[in-house]
Amino acid sequence: MADIKQIAVIGAGQMGNGIAEVSLSAGYSVYLMDQSKDMLDRGVAKIEHNWNKLISKGRITEQEKSTKLANLITTTTLEAVCDVDLVIEAVVESKQIKEELFARLDALAPSATILASNTSSLPITALAAVTNRADRVIGMHFMNPVPVMKLVEVIRGLGTSDETYQTVLEVSKKLGKKSVEVNDFPGFISNRILMPMINEAIYAVYEGVANAEAIDDVMKLGMNHPMGPLELADFIGLDTCLSIMETLYEGFADSKYRPCPLLKKYVSAGWLGRKSNRGFYDYRSGNRWS
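Cut-offs and rules
- Residues numbered from 1 in each chain as written.
- Predicted model: local features only at pLDDT ≥ 70, side-chain atom pairs only at ≥ 80, totals over all residues.
- Heavy atoms only, no water.
- Helix = DSSP H or I, 4+ residues; strand = E, 2+ residues; numbered from the N terminus.
- Contact = heavy atoms within 4.5 Å.
- Phe/Tyr/Trp six-rings, centres within 6.5 Å; stacked < 30°, edge-to-face > 60°.
- Buried < 20%, exposed > 50% of the residue type's maximum accessible area, 1.4 Å probe, protein only.
- Lys NZ or Arg CZ within 6 Å of the ring centre and 35° of its normal.
- Pairing = 2+ DSSP bridges.
- Right-handed = clockwise from strand over helix to strand, strands pointing away.
- Domains from an automatic or database assignment.
- Buried area = accessible area lost by both parts, 1.4 Å probe.
- Salt bridge = Lys/Arg side-chain N within 4 Å of Asp/Glu carboxyl O.
- Polar contact = N/O pair within 3.5 Å; in protein donor to acceptor, adjacent residues only side chain to side chain.
- Nonpolar A, V, L, I, M, F, W, Y, C, P; charged D, E, K, R; others polar.

J.: What should I look at first to understand the environment of Phe 142 in this one?
T.: Structurally, Phe 142 is set in strand 6 (residues 137-142). Separated by 12 residues in sequence, Phe 142 and Val 154 place their C-alpha atoms 8.9 Å apart. Each residue touching Phe 142, except ones within four places of it in the same chain, is listed here: Met 15, Ile 19, Ile 88, Asn 118, Leu 151, Val 152, Leu 175 and Lys 177.

J.: Got a minute to help me understand unusual backbone geometry in this structure?
T.: Among all residues except glycine, the phi angle is most often negative; among peptide bonds, the trans geometry is most common. For the peptide bond that leads from Asn 144 to Pro 145, omega is 0°, which places it in the cis range. Take Pro 145: it is sitting in the loop between strand 6 and strand 7 (151-156). Positioned with a positive phi, Asn 224 is a non-glycine residue whose angle comes to about 65°. As for its position among the elements, Asn 224 is in the loop between helix 8 (212-222) and helix 9 (229-236). Positive phi, close to 70°, is recorded for Asn 277, a residue that is not glycine.

J.: Any chance you could explain the packing of aromatic side chains here in plain terms?
T.: How two aromatic rings sit relative to each other is set out by the distance from centre to centre and by the angle between their planes. Overall, the coordinates contain four aromatic pairs when judged by the stated rule. Ring centres of Tyr 203 and Tyr 206 lie 6.2 Å apart, and the angle between their planes is 70°; on these two criteria the pair is classed as edge-to-face. Pair noted here: Tyr 203 and Tyr 206 are both in helix 7 (residues 190-206), with a separation of three residues, about one helical turn. The class of Tyr 206 is partly exposed, set by a relative accessible area of 46%. Geometrically, the ring pair formed by Tyr 266 and Trp 271 is edge-to-face, given 5.3 Å between the ring centres and 65° between the ring planes. Taken together, the ring pairs in this structure connect Tyr 266, Trp 271 and Phe 280 into an aromatic cluster. Stacked on the ring of Tyr 28, the Lys or Arg Lys 174 has its end atom at 4.4 Å from the ring centre.

J.: Can you help me understand the environment of Leu 69 in this one?
T.: On the secondary structure map, Leu 69 appears in helix 3 (residues 62-69). Note: C-alpha distance between Leu 69 and Lys 46 (23 residues apart in sequence) is 12 Å.

J.: Sorry, what's going on with the pairing of strand 4 (residues 86-89) here?
T.: Moving residue by residue along a regular strand, the side chains alternate between the two faces of the sheet. The two faces of strand 4 match: Leu 86 and Ile 88 on one face and Val 87 and Glu 89 on the other face are all buried. Note that strand 1 (residues 6-10) and strand 4 share four bridges and pair parallel. In the strand pairing of strand 4, Ala 8 is matched with Val 87. Inspection of the sheet shows strand 4 paired to strand 5 (residues 114-117) by four bridges, in the parallel sense. Across the sheet, residue Val 87 finds its bridge partner in strand 5, namely Leu 115. For the segment spanning strand 4, helix 4 (residues 95-108) and strand 5, crossover handedness is right-handed.

J.: What exactly am I supposed to notice about the domain arrangement of the protein here?
T.: Interface size is often expressed as the accessible area that is lost when the parts come together. By the assigned domains, the protein splits into domain 1 (6-183) and domain 2 (189-276). The C-alpha-based centres of domain 1 and domain 2 are spaced at 26 Å. Across the contact, 12 residues belong to domain 1 and seven residues belong to domain 2. Between domain 1 and domain 2, the buried area comes to about 740 Å², and carbon and sulfur atoms account for 55% of it. Along the contact surface separating domain 1 from domain 2 lie zero salt bridges. The interface formed by domain 1 and domain 2 contains five residue pairs in polar contact (both at pLDDT 80 or more). Among the residues forming the side of domain 1 that touches domain 2, the class breakdown is five nonpolar, five polar and two charged.

Below you can see the structure in the form of C-alpha cells.
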C-alpha cells in the first residue's frame, strides 16, 4: 500500500476546495490547482471561512488554522503534480475535459502517483484508458458539502489494482470519511438512485402535478428527506443534474433515464440553481416559485 503524503486537488470550486479543506485537516500537504487565480482565491477564502466558524465555536484554534494553511500551496499550473502521491480531480463534469486532463496528468505525474476522479457519474475505466496507468486510476466521489458529508464512493475501474484501492480506502479513512466500494457503472450508486428521483420531480412540475414547493414539502414532511428534490437540484446545479442524467441515458440506453425537457429548458436559459440565483426557486429575493 502506497504511503500518501502530498495530495494535489485539481479544481478550486465547491467540491475542490472542500476536498482540499478536509485533506489539510487530515494533515496532508496540499496543492490546490485551478486555471483561474480568482477561483483559487475564492477557494482559499471558503476554506478560511469554514475554519473561522470552527474557531468561533472553540473547535479549533487560530494556531491550528495557521498550521493547516501553511501546508497549502495554490497554483495555476499542472506541473506541481510532479511532486505528489495522489491527484484528486474535481473539474467540470465533462467526459472530454476529464479525459484530456487525465492524459496530461499521466504525462506529468510520477509513474507511482494515483490519479483519482471526483466524477459523479462518468466511467472510471474510460478515464483510465487515456493513461498508461490504468491500475492506478480510481474514482473518489465525495458528497457535497465535502467537509460535512461523511460518504465517499470509491469506484474501481476495470484495471484498478487492489493496492490502489486499499491506499484510497486508507486515505478516505484518514479524511474522516466512510468509504463504500462501487463497481464502474453509470451514476455509480448515489446518482443512479438520486438523479432519477430528481428527474421525476421535475417531470411532476413539467406536467403540472404540483409546484416545486409542494413537491419538496411532500418529500420533506412525508418522506423525512432533509431537502426536497428540487431544492437539492438547485443546490447541486441543474447543469450538473442534466449532465448526469445524460450519462445515465447514454450509458444504459433506457428511456427511464431520459432527461425531462423542462430540465433541459432551464439549463438552456442559464437557470442553473443557486449558482445562477435562478432555478426552481428564485434566490435573488428569497421568494419561491416554480
